Amino acid sequence: MFENLEIFDKRILVLYILDIAKKSLTVDQIVSFCCEFDDITYFDICDYIQNLKINNYIEECSEDNITLYRLTNQGILILQELLELIPGVNLYKLKKILSKNIINVNTEYSIGSNVIPVKSDEYKISCYIKDGNDELVNLTIYAGNKDNVRKISKNWVENSENIYVELLKMMTKE
């Protein structure tokens, strides 16, 4: 689908994907970005990741026993240098394809909250974790004032996975 991809080393794709995603990604998420590239397989992506890791352009991290990858400072610097070498037309095509696929990756897992006005200056807040179309948790609580809403929202985004695990432990306790 993407002709003339050979003009640059395909490993730049992994660096670029990690850069535009703005978060650590699993191998499967990286592969889902590349679904429109006919000549790149799952095994190619794994090989690119291993090579980039060896050269300290990306690093492996683990969250809840899930292996994720993220750019290192060295990876960011080399990506900036390499992007300057890609002709504008090819970079535009690359951005277009990957931007379309970022929507699919970002919708796989999301954490957020919604504010629900109750009365003037009284609020509830609905905090959720979604995995694709499945809602793992949706907790709606009375927050009181706007200040509490801000605090709850901030803490939820920063600690939602830990809160979810603790809730699950407490609710399944016998």
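Everything quoted here is computed from the prediction, not taken from an experiment.

Student: Describe the overall build of the protein chain, with residues and values.
Tutor: For the protein chain, the helix and strand inventory stands at 6 helices and 5 strands. In sequence order, the protein chain lays out its α and β elements as α-α-α-β-β-α-α-β-β-β-α. Per-residue burial for the protein chain yields a buried fraction of 33% across its 174 residues. Considering only contacts within the protein chain whose residues lie at least 6 apart along the sequence, 50% involve residues at least 24 apart.

Student: Summarise the side chain of Ser126; cite the residues concerned and give the values.
Tutor: Within the element layout of this structure, Ser126 appears in strand β4 (residues 122–131). Residue Ser126 is classed as buried on the basis of its relative accessible area, which comes to 6%. Side chain to side chain, Ser126 and Asn138 meet in a polar contact 2.6 Å long. If sequence neighbours within four positions are ignored, Ser126 has contacts with Gly112, Ser113, Asn114, Ile116, Asn138, Leu139 and Thr140.

Student: I'd like to hear about the side chain of Ser160, residue by residue, with values.
Tutor: Structurally, the position occupied by Ser160 is in helix α6 (residues 146–172). Taking relative accessible area as the criterion, Ser160 reaches 2% and is therefore assigned buried. In contact with Ser160, other than residues within four places in its own chain, are Ile111, Ile129 and Asn155.

Student: I'd like to hear about the confidence of the model for the protein chain, residue by residue, with values.
Tutor: Looking at the protein chain, pLDDT values average 79 and 79% of them are 70 or higher. Here residues 1–8 is a poorly scored stretch, pLDDT under 50, and it has 20 contacts once near neighbours within four places are set aside; other chains count.

What counts as what
- Residues numbered from 1 in each chain as written.
- Predicted model: local features only at pLDDT ≥ 70, side-chain atom pairs only at ≥ 80, totals over all residues.
- Heavy atoms only, no water.
- Helix = DSSP H or I, 4+ residues; strand = E, 2+ residues; numbered from the N terminus.
- Buried < 20%, exposed > 50% of the residue type's maximum accessible area, 1.4 Å probe, protein only.
- Contact = heavy atoms within 4.5 Å.
- Polar contact = N/O pair within 3.5 Å; in protein donor to acceptor, adjacent residues only side chain to side chain.
- pLDDT = per-residue confidence, 0-100.

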